[in-house]
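Structural overview for review
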Amino acid sequence: DVKVTQSSRYLVKRTGEKVFLECVQDMDHENMFWYRQDPGLGLRLIYFSYDVKMKEKGDIPEGYSVSREKKERFSLILESASTNQTSMYLCASSFPGTPPDTQYFGPGTRLTVL
Amino acid sequence: AQSVTQPDIHITVSEGASLELRCNYSYGATPYLFWYVQSPGQGLQLLLKYFSGDTLVQGIKGFEAEFKRSQSSFNLRKPSVHWSDAAEYFCAVGLGGTSYGKLTFGQGTILTVHP
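Turning to the packing of aromatic side chains, a few remarks are in order. In this description, an aromatic ring pair is defined by two values, namely the gap between the centres and the angle between the planes. For the coordinates displayed, the defined rule picks out 16 aromatic pairs over all chains. Centroid distance A:Phe105 to B:Phe105: 6.1 Å. Interplanar angle 80°. Geometry classified as edge-to-face. Residue A:Phe105 is found in strand 10 (residues 104-105), and its partner B:Phe105 is found in strand 11 (residues 103-105); the two belong to separate chains. The same class applies to A:Phe105 and to B:Phe105, which are both buried.

Shown next as structure tokens:
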């Protein structure tokens, strides 16, 4: 069965801390995505990666960075967490191609920054 | 740039009633359209998708959606709602070519089901 896992379901951090969110997929997907989900705003794309070590900014990359050293793992990094980064973070993965393939989502990490 | 609008933030229906969730998109070419569902505490799951051909597409859990190019809409329907359908529903549009499978999501519609 298809699986995308995220390292934590809930995370509480303090302002200024460096935060790592990890995502692992077992489907050999080339594409991986990080979204944040906020009420009334839907899902907004932060960063995505289409291959190992390749990354592209999404719609709201400010304050975030990413790392993809292995095909199955995609990490989201908050260099200095701020309270406005309190949100639900969702990771997804898919195969490449046209039309776009189904994205498979992890369960999400609810991050609270105090 | 493409965009997706879900006009209804919250919909409440009674169990057994019919359901229609609205989705409008803005995109110059033929879009690739998706509906996802997010049950409480879970990630998103694909309900159905439209790429081409028959404009009425069937999905999982008894859902269907109809693509109407003239109205730029892709509304989701179910003839009889079950209590387990209570969730948040997202419409999304995707591009082809070098977009790397990116999707643009709507704001979401929260569905509440009354017994």
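Within the secondary structure, B:Tyr32 is located in strand 5 (residues 32-38). Separated by 13 residues in sequence, B:Tyr32 and B:Leu19 place their C-alpha atoms 23 Å apart.

The next point concerns the state of the cysteines. Per the counting criterion, the structure on display carries 2 disulfides over all chains. Across the disulfide from A:Cys23 sits A:Cys91; the S-S distance is 1.9 Å. An S-S torsion of about -75° defines the bridge between A:Cys23 and A:Cys91 as left-handed. Residue A:Cys23 is found in strand 3 (residues 19-25), and its partner A:Cys91 is found in strand 9 (residues 87-94); the two are separated by 68 residues along the sequence. On the basis of relative accessibility, which here comes to 0%, the residue A:Cys23 falls in the buried class. The disulfide that involves B:Cys23 links it to B:Cys91, with 2.0 Å between the sulfurs.

Residues and elements named next belong to chain A. Pairing within the open sheet is antiparallel, and its 4 strands lie in the order 1-3-8-7. Of all strands in the sheet, those with a lone pairing partner are strand 1 (4-6) and strand 7 (64-70), marking the two edges. Averaged over all pairs of adjacent strands, the angle between their axes in this sheet comes to 20°, without regard to strand direction. The pairing of strand 1 with strand 3 spans 3 bridges and is classified as antiparallel. If you follow valine 4 over to strand 3, its bridge partner there is glutamine 25.

Opposite the 22 residues of chain A that make contact, chain B presents 24 residues. Together chain A and chain B conceal approximately 1900 Å² of surface at their shared face, both sides included; 60% is due to carbon and sulfur atoms. In this assembly, chain A and chain B are joined by 0 salt bridges. Where chain A touches chain B, the interface holds 5 residue pairs in polar contact (both at pLDDT 80 or more). Counting only elements with at least two residues in the side of chain A that touches chain B, the list comes to strand 4 (31-38) and strand 5 (42-51) of chain A. Among the elements that take part in the side of chain A that touches chain B, strand 5 of chain A stands out by supplying 5 residues, more than any other. Here the side of chain A that touches chain B is composed, by residue class, of 12 nonpolar, 8 polar and 2 charged.

So, how was this worked out
- Residues numbered from 1 in each chain as written.
- Chains lettered and ligands numbered in written order.
- Predicted model: local features only at pLDDT ≥ 70, side-chain atom pairs only at ≥ 80, totals over all residues.
- Heavy atoms only, no water.
- Phe/Tyr/Trp six-rings, centres within 6.5 Å; stacked < 30°, edge-to-face > 60°.
- Helix = DSSP H or I, 4+ residues; strand = E, 2+ residues; numbered from the N terminus.
- Buried < 20%, exposed > 50% of the residue type's maximum accessible area, 1.4 Å probe, protein only.
- Disulfide = S-S within 2.5 Å.
- Pairing = 2+ DSSP bridges.
- Axes fitted to C-alpha atoms, helices over the stretch in contact; angles between N-to-C directions.
- Contact = heavy atoms within 4.5 Å.
- Buried area = accessible area lost by both parts, 1.4 Å probe.
- Salt bridge = Lys/Arg side-chain N within 4 Å of Asp/Glu carboxyl O.
- Polar contact = N/O pair within 3.5 Å; in protein donor to acceptor, adjacent residues only side chain to side chain.
- Nonpolar A, V, L, I, M, F, W, Y, C, P; charged D, E, K, R; others polar.

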